[in-house]
Amino acid sequence: PFADRASDPGGNAGGDRDQYCRGNDRAPRKTVKQAFSEKIMQISSLLQIGRGVTALIGGGGKTTLMYTLAEELKGRGKVIICTSTKIRQPEQYLTLFDATAEEITAALGEQDVLCTAGMADGDKLCAPQLSFEELARLADFVIVEADGTKRLPLKAHAPHEPVIPKSAQRTVLF
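All figures in this text were calculated on a predicted structure; none of them were measured in a lab.

Okay, the pairing of strand β2 (residues 79-83) next. Burial analysis of β2 places five of its five residues in the buried class, which makes it a mostly covered element. Across three bridges, β2 lies against strand β5 (residues 113-119) in parallel orientation. Bridge pairing in β5 places Val79 opposite Val113. One ladder, built from five bridges, connects β2 with strand β7 (residues 141-145); its direction is parallel. Each bridged residue has a counterpart across the sheet, and for Val79 the counterpart in β7 is Phe141.

Right, let's get into the confidence of the model for the protein chain. This prediction gives the protein chain a mean pLDDT of 82; 73% of its residues lie at or above 70. Counted against residues more than four places away or in other chains, residues 1-24, with its pLDDT under 50, gives 29 contacts.

An ideal rise of 1.5 Å per residue puts 16 Å on 12 residues; helix α4 (residues 62-73) measures up with 16 Å between its terminal C-alpha atoms. Taken residue by residue, α4 has Lys62, Leu65, Met66, Tyr67, Leu69, Ala70, Glu72 and Leu73 as its buried positions.

Moving on: helix α5 (residues 101-108). Within α5 the residues assigned to the buried category are Ala101, Ile104, Ala107 and Leu108. Down the axis of α5, the buried side of the element spans an arc of 130 degrees, and every buried residue falls inside it. Looking at the packing, one finds that the buried side of α5 touches β2, β4 (94-97), β5 and α6 (132-138).

Unusually for a residue other than glycine, Gln48 sits at a positive phi of about 55 degrees. You can call Gln48 exposed: its relative accessible area is 66%. In the Ramachandran plot, Asp98 falls in the positive-phi region, its phi being about 45 degrees despite a non-glycine side chain. Among the secondary structure elements, Asp98 is positioned in the loop between β4 and α5.

Conventions used here
- Residues numbered from 1 in each chain as written.
- Predicted model: local features only at pLDDT ≥ 70, side-chain atom pairs only at ≥ 80, totals over all residues.
- Heavy atoms only, no water.
- Buried < 20%, exposed > 50% of the residue type's maximum accessible area, 1.4 Å probe, protein only.
- Helix = DSSP H or I, 4+ residues; strand = E, 2+ residues; numbered from the N terminus.
- Pairing = 2+ DSSP bridges.
- pLDDT = per-residue confidence, 0-100.
- Contact = heavy atoms within 4.5 Å.
- Expected span 1.5 Å × (residues − 1).
- Arc of directions from axis to C-beta.

Below you can see the structure in the form of structure tokens.
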């Protein structure tokens, strides 16, 4: 039944594992590893990221999480990534500076993911000109990095932090 007996979890010779791995004349057999990997959920599903505004806060890893979510969610709709504090400009996505609703709508007609922001000091981006509510009307998903940690792994918030948009439907502490 198993094409790869070495990866059989539990090592039993048959039983319920066959429902995942039994082949037929038309389909090649799957290894246990293949069968289980097909059941692995995406992080957006694990975090129950739905449409609307999602704020990411906490220590290191928010930017990586934002990009990962953008890549996963673009298969389910249009995605805007942005910040309510300051971030570096993403290299892999189109960035619109001080964009109007019309400019964002036009860009989302050609792009699945884009970044919108204002320009801060140096090479940093700051919050976009449009409200997060307005961005949520323009795209299916708006992912906001809402907490600056200056690339440190741990964050102790000041009284004015984090800068979670009022329109956020969910906040992920990372």
